[in-house]
Amino acid sequence: MGSWLEGRPATATLERVPALPTPTPTPAPAGALVIGGDYRGLGVVRSLGRAGVPVWVLTDEHRLAAASRYSRRDLPFPTAANDETQVAFLLDVARRYGLRGWALFPTGDETAALIARHHERLAEHLALTTPPWPALRWAYDKRLTHQLADEAGVASPWTRYPASRAEVLALDCDFPVILKPAAKPEANALTMAKAWRVESREELLARYDAACRLLPPELLMVQELIPGGGECQLSYAALCVDGRPLASITARRTRQWPVDFGRASTYVETVAAPEVDAAARRLIAAMGYAGLVELEFKRDPRSGVLKLIDINPRVWGWHSLGRRAGVDFPALQWRLLRGEAVAERQAAAGVRWVRMTTDLPTVAREILGRRLSPLRYLWSLRRPIEFAIWALDDPVPAAVELPLIVRLALARGSL
């Protein structure tokens, strides 16, 4: 694990860092490489492909995006390799296939961090959509995310950083809480779950012991669990230039799984939320952020206070909602990379997005628990609505999604 994750970076200094300039000019991109084959990658592939952009997919364990009619070619990305091997792979792809200057779109935290850490080297050969590490680290390392919120005057859940089991035992806190990683340098039970809900001191000690077998103790955080489901969860997402949102969208994550801290959205709808916009803009300006970013908030029903939960420095799960709401984020970022003028714009309210594969089980639980009526569920699917997987002009991903999910589950040994 590199020194960029060691220790507790409690005294980092905010610096405004322009994200997109490259040290050596490259040609205007003629195509795009999308790292990641899940539904986030599928949304990027469709957005760019519909704009006439040649797109190649660098697949991980997911292959959904590679099934799109808009994917010209796919290659396996070395996800288990170290930084040097992954950077060498990207540079070799650009050289071997004559793709110098192509745009590089990561869809996961780790690939975004990889590109940010090696920004200068990669920018000599590819057009990057990711800001350099001094800007991106504030979103990637959740310890820094909370420091950022404090400095920007934005509320966040109380968070503790116990360095040992003894400090966990001595924590003065109410339960339930969540145990979560400050970063996700590798895939394991904790990083894939996003967070573990903990109901008691005894369970916290047991979970902490288990987590220490997966990650160094300095990467573990104990955090307040804000009650409430998706109706309290709000997001602000934007395409930014030097700390200023150029295109933005505000949404409520009405249905998500798990219900209390939301590892993934299943049903999202755009809303007008000025308080969310204002808080997000302060954070984006403080980072001097450039590129695509999503900021997650949750309104604490006990106090009404809006609290920052997370910052995702990449395309987010429901980004394809933007096209239906008037802000097609990957296509807009492509235009910026090409040097085209992009006018400021904000998404329309009242537009919906659903991922049926995960929403149906969530809805079933809500209906059985008498928290959602069948009629209210059907009303939530009214137009305008964007489906995460199904598209009339690109039907194959919807046809192969379930077999691919089963195949992945078998490979992970979860079936």
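Fair warning: this is a prediction, and the values are worked out from it, not measured in the lab.

## Quick word on the nonpolar core
Next up, step 1: Counting 40 residues, the largest nonpolar core has Leu48, Ile249, Trp318 and Phe329 as the members making the most contacts within it.
Next up, step 2: Elements with a minimum of two residues in this core: strand E1 (32–35), helix H1 (39–50), strand E2 (55–59), strand E4 (103–106), strand E10 (233–241), strand E11 (244–257), helix H11 (321–325) and helix H12 (329–337).
Next up, step 3: Of the residues forming this core, the biggest block, 5 residues, is contributed by H1.
Next up, step 4: Counting 26 residues, the second largest nonpolar core, distinct from the first, contains Leu144, Phe297, Leu308 and Ile311.

## Quick notes on the packing of aromatic side chains
Next up, step 1: Counted according to the given criterion, the structure contains 7 aromatic pairs.
Next up, step 2: Their ring planes at 70° and their centres at 5.3 Å tell us that Trp56 and Tyr97 sit as a pair that is edge-to-face. On the criterion of sequence distance, the pair formed by Trp56 in strand E2 and Tyr97 in the loop between helix H2 (83–96) and E4 is long-range, its members being 41 residues apart.
Next up, step 3: By relative accessible area, Trp56 is classed as buried at 12%.

## Here we look at helix H9 (residues 201–212)
Next up, step 1: Between its terminal C-alpha atoms H9 stretches 16 Å, which fits the 16 Å expected from 12 residues at 1.5 Å a residue.
Next up, step 2: Three or more residues of H9 are buried, namely Leu204, Leu205, Tyr208 and Ala211. In a view along the axis of H9, the buried residues occupy a sector of 130°, so they form one face of it.
Next up, step 3: On the buried face of H9, the contacting elements are helix H7 (165–169), strand E7 (177–181), helix H8 (189–193), strand E8 (196–198) and strand E9 (220–224).

## Focus: the sheet that holds E4
In a beta sheet, neighbouring strands pair by backbone hydrogen bonds and run either parallel or antiparallel.
Next up, step 1: With parallel pairing, 5 strands are arranged side by side in an open sheet as E3-E2-E1-E4-E5. Two strands lie at the open edges of the sheet, namely strand E3 (71–76) and strand E5 (127–128), each paired on one side alone.
Next up, step 2: Strand direction decides the pairing type here: E1 and E2, joined by 4 bridges, are parallel. Looking at E2, one finds that Leu33 is bridged to Trp56.
Next up, step 3: H12 contacts E1, E4 and E5 of the sheet and is inclined by roughly 150° relative to E4.

## Quick word on the sheet that holds E9
Next up, step 1: Strand order in the open sheet formed by 4 strands is E6-E9-E7-E8, with antiparallel pairing between adjacent strands. Lying at the two open borders of the sheet, with one neighbouring strand each, are strand E6 (159–160) and E8.
Next up, step 2: Alignment of E6 against E9, held across 2 bridges, turns out to be antiparallel. Bridge pairing links Arg160 to Val222 in E9.
Next up, step 3: Along the sheet face, H9 touches E7, E8 and E9 and points at about 155° away from the line of E8.

## Quick look at the packing of helix H6 (residues 142–152) against helix H10 (residues 274–287)
Next up, step 1: The N-to-C vectors of H6 and H10 enclose an angle of 110°; their axes lie 10 Å apart at closest approach. Between H6 and H10, the interaxial angle falls into the category roughly perpendicular. Of the residues in H10, those in contact with Leu148, Ala149 and Ala152 of H6 are Arg282, Leu283, Ala286 and Met287.
Next up, step 2: In terms of residue class, the contact of H6 with H10 is made up of 6 nonpolar, no polar and 1 charged.

## Things to note about the environment of Glu199
Next up, step 1: Considering the arrangement of structural elements, one finds Glu199 in the loop between E8 and H9.
Next up, step 2: Overall, Glu199 belongs to the partly exposed group, its relative accessible area being 42%.
Next up, step 3: The spatial distance from the C-alpha of Glu199 to the C-alpha of Pro76 is 41 Å, given a sequence separation of 123 residues.
Next up, step 4: Within the local environment of Glu199, its side chain forms a polar contact with the side chain of Arg197, the two groups lying 2.5 Å apart.

## Regarding the layout of surface pockets
Next up, step 1: Size it by volume and the second largest pocket reaches roughly 400 Å³.
Next up, step 2: Contributing to the lining of the second largest pocket are 19 residues, with Glu231, Thr254, Arg255, Leu372 and Arg376 lying nearest its centre.
Next up, step 3: Going through the elements one at a time, E11, strand E12 (264–270), helix H13 (356–368) and helix H14 (374–380) are the ones with two or more residues in the lining of the second largest pocket.
Next up, step 4: Of the residues belonging to the lining of the second largest pocket, the class tally is 5 nonpolar, 6 polar and 8 charged.

## Description of the packing of helix H5 (residues 133–140) against H6
Next up, step 1: Viewed as axis vectors pointing N to C, H5 and H6 meet at an angle of 95°, and their least axial separation amounts to 5 Å. In this view, H5 runs roughly perpendicular relative to H6, as classed from their interaxial angle. Contacts between H5 and H6 involve Arg137, Trp138, Ala139 and Tyr140 from the former and Lys142, Leu144, Thr145, Gln147 and Leu148 from the latter.

## Observations regarding the confidence of the model for the chain
Next up, step 1: Per-residue confidence for the chain averages 93 on the pLDDT scale, and 92% of its residues sit at or above 70.
Next up, step 2: Contacts of residues 6–10 to residues separated by more than four positions or lying in other chains number 10 contacts, the stretch itself having pLDDT below 50.
Next up, step 3: Confidence over residues 16–24 falls short of pLDDT 50; this stretch has 27 contacts with residues more than four positions distant or in other chains.

Thresholds applied
Residues numbered from 1 in each chain as written. Predicted model: local features only at pLDDT ≥ 70, side-chain atom pairs only at ≥ 80, totals over all residues. Heavy atoms only, no water. Core = buried A, V, L, I, M, F, W, Y, C linked by side-chain atoms within 4.5 Å. Buried < 20%, exposed > 50% of the residue type's maximum accessible area, 1.4 Å probe, protein only. Helix = DSSP H or I, 4+ residues; strand = E, 2+ residues; numbered from the N terminus. Phe/Tyr/Trp six-rings, centres within 6.5 Å; stacked < 30°, edge-to-face > 60°. Expected span 1.5 Å × (residues − 1). Arc of directions from axis to C-beta. Contact = heavy atoms within 4.5 Å. Pairing = 2+ DSSP bridges. Axes fitted to C-alpha atoms, helices over the stretch in contact; angles between N-to-C directions. Parallel < 35°, antiparallel > 145°, perpendicular 65-115°, else oblique. Nonpolar A, V, L, I, M, F, W, Y, C, P; charged D, E, K, R; others polar. Polar contact = N/O pair within 3.5 Å; in protein donor to acceptor, adjacent residues only side chain to side chain. 1 Å grid on protein atoms, 1.4 Å probe; cavity = no way out; pocket = protein on both sides within 12 Å on 5 of 7 lines; lining within 4 Å. Points joined across faces, edges and corners; volume = space filled by probe spheres on them. pLDDT = per-residue confidence, 0-100.

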